[in-house]
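Descriptive structure summary
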Amino acid sequence: MDDKASVAQTTNTRMHFKVISFILEAGIKLHLESVPMATACLIYHRFFKKCTSNAYDPYLIASAAIYLAAKVCEQQIRLRDIINVCHRILHKEKPALEVDSKYWELRESVVKCELFILRVLKFQIAFELPHKYLLHYMKSVRDYLDPDTWRDIPISSTAWAFLRDSYHSDLCLRIPPQQLAVTVLYFALQCHGVTIPFNNTAKRQWWQVFCEDIKEESMQETIEELIDMYDMEMRV
């Protein structure tokens with residue numbers, strides 16, 4: 001990759017990072033649940049895997065992705081609320097959006113964009129997410145650990161935070177959901193210095209019980225990407 005292509009890739013990566021932060025902020029303000037929020041991020045990433053980022057307004061795509069994800073996950077969110085929240089995040093210095101011609105233009109743009117995203121993704125918008133796997137893996141790990149350890153150390157909240165933050169990059173497209181779930185739990189345990197009892201003497205490592213085909217080297221590579229992503233957050 002030449003220098004010009006490398007600069008362009010870095011610029012795109014930073015842009016997508018900022019837009020995913022926008023999706024997550026909007027999702028929190030709209031009280032969007034974790035699964036629809038992750039689905040919105042996946043829709044966004046999948047769209048820009050098929051389309052060039054300089055051809056479309058990424059924030060319009062993101063707003064439509066939120067609207068579409070809420071529908072797919074059957075969480076009722078009014079389009080008007082999505083438009084108002086997204087507009088407010090992007091234009092903090094401006095007054096709240098009135099129901100006028102500007103509002104109806106934005107509404108029409110989001111609706112048309114939703115249909116365009118569906119066509120680009122060939123209506124394949126049902127995704128398998130890591131959330132259910134992470135929940136199952138954490139319940140199993142909790143049973144192995146001392147109750148005081150699980151209660152006093154925020155392993156669960158740390159793992160969920162790593163999973164949420166992983167959507168800032170395209171890890172969710174490249175890493176199978178089971179492997180991503182195991183990796184963020186592995187990283188959370190590593191961060192807090194918690195080891196699984198008898199893991200060193202077991203025939204298989206604890207993560208191989210959950211996901212047979214995962215290797216520790218691949219988890220470390222994913223963790224390095226997460227760390228690089230946190231470094232990028234300081235620079236964006």
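A brief report on the enclosed structure follows. (Residues numbered from 1 in each chain as written. Predicted model: local features only at pLDDT ≥ 70, side-chain atom pairs only at ≥ 80, totals over all residues. Heavy atoms only, no water.)

The final tally for this structure, using the stated rule, is 15 aromatic pairs. Plain terms: the ring middles of Trp206 and Trp207 are 5.8 Å apart, the flat faces sit at 80° to each other, and that makes the pair edge-to-face. Judged on exposure class, the residue Trp206 and its partner Trp207 are both buried. Within the aromatic cluster, the residues linked to one another by ring pairs are Tyr133, Tyr137, Tyr186, Trp206, Trp207 and Phe210. (Phe/Tyr/Trp six-rings, centres within 6.5 Å; stacked < 30°, edge-to-face > 60°. Buried < 20%, exposed > 50% of the residue type's maximum accessible area, 1.4 Å probe, protein only.)

Of note in this structure, Glu74 is not a glycine but carries a positive phi near 60°. Secondary-structure assignment places Glu74 in the loop between helix H3 (58-72) and helix H4 (79-90). The residue Phe123 is not glycine, and still its phi comes out positive at about 60°. Looking at the element boundaries, Phe123 is found in the loop between helix H5 (101-120) and helix H6 (131-144). Assessed through its relative accessible area of 57%, Phe123 is described here as exposed. (Helix = DSSP H or I, 4+ residues; strand = E, 2+ residues; numbered from the N terminus.)

Between its first and last C-alpha atoms H4 spans 17 Å; for twelve residues at 1.5 Å apiece the expected length is 16 Å, and the two agree. Leu79, Ile82, Ile83, Val85, Cys86, His87 and Ile89 are the residues of H4 that are buried. (Expected span 1.5 Å × (residues − 1).)

Before going further, it helps to spend a moment on the pattern of salt bridges. Oppositely charged side chains can form a pair if their charged atoms are brought close together. All chains considered together, the criterion is met by twelve salt bridges. Notably, a salt bridge pairs Asp165 with Arg164, separated by 3.4 Å at the nearest N-O pair. Assessed through its relative accessible area of 42%, Arg164 is described here as partly exposed. A salt bridge links Glu225 to Arg174, with the nearest nitrogen and oxygen atoms 2.5 Å apart. With Glu225 in helix H12 (residues 216-235) and Arg174 in helix H9 (residues 171-174), the pair connects residues that are 51 residues apart, well separated along the chain. The partly exposed category is assigned to Glu225, whose relative accessible area is 32%. Judged by relative accessible area, which is 40%, Arg174 ranks as partly exposed. One network of salt bridges, with partners in common, ties together Lys49, Asp170, Arg174 and Glu225. (Salt bridge = Lys/Arg side-chain N within 4 Å of Asp/Glu carboxyl O.)

The next subject is the packing of H3 against H5. Two elements in contact, H3 and H5, have axes whose closest approach is 8 Å; the angle formed by their N-to-C orientations is 75°. For the element pair H3 / H5, the angle class is roughly perpendicular. The segment H3 lies against H5, with Leu60, Ile61, Ser63, Ala64, Ala65, Tyr67, Leu68 and Lys71 engaging Ser109, Val110, Cys113, Glu114, Ile117 and Leu118. (Axes fitted to C-alpha atoms, helices over the stretch in contact; angles between N-to-C directions. Parallel < 35°, antiparallel > 145°, perpendicular 65-115°, else oblique. Contact = heavy atoms within 4.5 Å.)

In this section: the environment of Phe48. The topology assignment puts Phe48 in helix H2 (residues 34-50). Counting along the chain gives 101 residues from Phe48 to Thr149, while the straight-line C-alpha distance between them is 42 Å. Not counting chain neighbours up to four residues away, the residues in contact with Phe48 comprise His16, Ser53, Tyr56, Pro58 and Ile61.

Next up on the list: the layout of surface pockets. Over the atoms rolls a probe the size of a water molecule, and its path tells where empty space is left. Size it by volume and the second largest pocket reaches roughly 280 Å³. Lining the second largest pocket are 15 residues, with Asp57, Leu60, Ser63, Leu90 and Leu106 sitting closest to its centre. Of all elements in the fold, only H3, H4 and H5 reach the threshold of two or more residues within the lining of the second largest pocket. Broken down by element, the residue count for the lining of the second largest pocket peaks at five residues, all from H4. Of the residues contributing to the lining of the second largest pocket, the split by class is eight nonpolar, four polar and three charged. (1 Å grid on protein atoms, 1.4 Å probe; cavity = no way out; pocket = protein on both sides within 12 Å on 5 of 7 lines; lining within 4 Å. Points joined across faces, edges and corners; volume = space filled by probe spheres on them. Nonpolar A, V, L, I, M, F, W, Y, C, P; charged D, E, K, R; others polar.)

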